[in-house]
Amino acid sequence: MFYELRHSGGEVMMRVASDLWAEHGIECEIVAVADVVGPYARTLEDAGYRIHRLSPSAPRLLTSFPRLLRAVKPDVVHLHVERANFWLALEGLGSGARVVQTVHGCFPFSGALRWSAPFSVEY
């Protein structure tokens, strides 16, 4: 799960790894949590990924993600977003998938987001 798909670290790593996933019979799908899928979506599709887009609006995201999980039935959910990551992780676990989270960046979070971002940095 990414934000808008751009020529950036996580997205490029997925493109580079696409042949390795295929060699092992692993099918991967990518979710963009954004108003548009982004300019790198076509590159990822060409690499063999199916792309989904979910609205970044919290109420819509938290209702559409469980529907997507029921449709796709993933073994693993990889979260590479900070937006609602605690709730998305719970939904992923509730679907029976394992959940992996990578840190998208180190920023000084505050409020409720600070509680759900254990790797944030104090400045």
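Placed above this text is the structure.
Keep in mind that this is a model prediction, so the values were computed, not measured.

## Brief notes about the overall build of the protein chain
In terms of helices and strands, the protein chain carries five helices and four strands. Counting from the amino terminus, helix and strand elements in the protein chain follow one another as α-β-α-β-α-β-α-β-α. Taking all 123 residues of the protein chain together, 38% fall into the buried category. When contacts within the protein chain are restricted to residue pairs at least 6 apart in sequence, those whose partners lie at least 24 apart make up 45%. Within the structure as shown, the protein chain displays about 7,700 Å² of accessible surface, and the carbon and sulfur contribution to it stands at 57%.

## As for unusual backbone geometry
Within the chain, Lys73 stands out as a residue other than glycine whose phi angle is a positive 55°. For Lys73, a relative accessible area of 64% corresponds to the exposed category.

## A short note on the pairing of strand S1 (residues 29–33)
Remember that side chains alternate between the two faces of the sheet whenever the strand is regular. Across the five residues that make up S1, a large majority, four, are buried. Examined bridge by bridge, S1 and strand S2 (residues 50–54) share five bridges and lie parallel to one another. Counted as the bridge partner of Val31 is His52 from S2. Viewed along the sheet, the connection from S1 through helix H2 (residues 41–46) into S2 turns out right-handed.

## Thoughts on the packing of aromatic side chains
Counted according to the given criterion, the structure contains one aromatic pair. Relative to Trp87, the ring of Phe86 lies with its centre 4.8 Å away and its plane at 85°, an arrangement referred to as edge-to-face. On the accessibility criterion, Trp87 (47% relative accessible area) is partly exposed.

## Observations concerning the nonpolar core
In terms of nonpolar packing, the biggest core is built from 14 residues, with Met1, Val31, Leu54, Phe65, Val77, Leu79 and Leu88 touching the most fellow members. Looking at this core, the elements with two or more residues in it are S1, helix H3 (58–72), strand S3 (76–79) and helix H4 (85–94). The leading source of residues in this core is H3, at four residues. Other than its neighbours up to four places away in sequence, Leu79 contacts Met1, Asn85, Leu88, Ala89, Val99, Val100, Gln101 and Thr102.

## A short note on the pairing of S3
Every second residue of S3 is oriented toward a common face, the buried set being Val77 and Leu79 and the non-buried set Val76 and His78. In this structure, S3 lies alongside strand S4 (residues 98–101), joined through four bridges in parallel fashion. Its bridge partner being in S4, Val76 is matched across the sheet by Arg98. In this fold, the crossover linking S3 to S4 by way of H4 has right-handed handedness.

The rules behind these values
- Residues numbered from 1 in each chain as written.
- Predicted model: local features only at pLDDT ≥ 70, side-chain atom pairs only at ≥ 80, totals over all residues.
- Heavy atoms only, no water.
- Helix = DSSP H or I, 4+ residues; strand = E, 2+ residues; numbered from the N terminus.
- Buried < 20%, exposed > 50% of the residue type's maximum accessible area, 1.4 Å probe, protein only.
- Contact = heavy atoms within 4.5 Å.
- Areas by Shrake-Rupley, 256 points an atom, 1.4 Å probe, with all protein chains shown as cover.
- Pairing = 2+ DSSP bridges.
- Right-handed = clockwise from strand over helix to strand, strands pointing away.
- Phe/Tyr/Trp six-rings, centres within 6.5 Å; stacked < 30°, edge-to-face > 60°.
- Core = buried A, V, L, I, M, F, W, Y, C linked by side-chain atoms within 4.5 Å.

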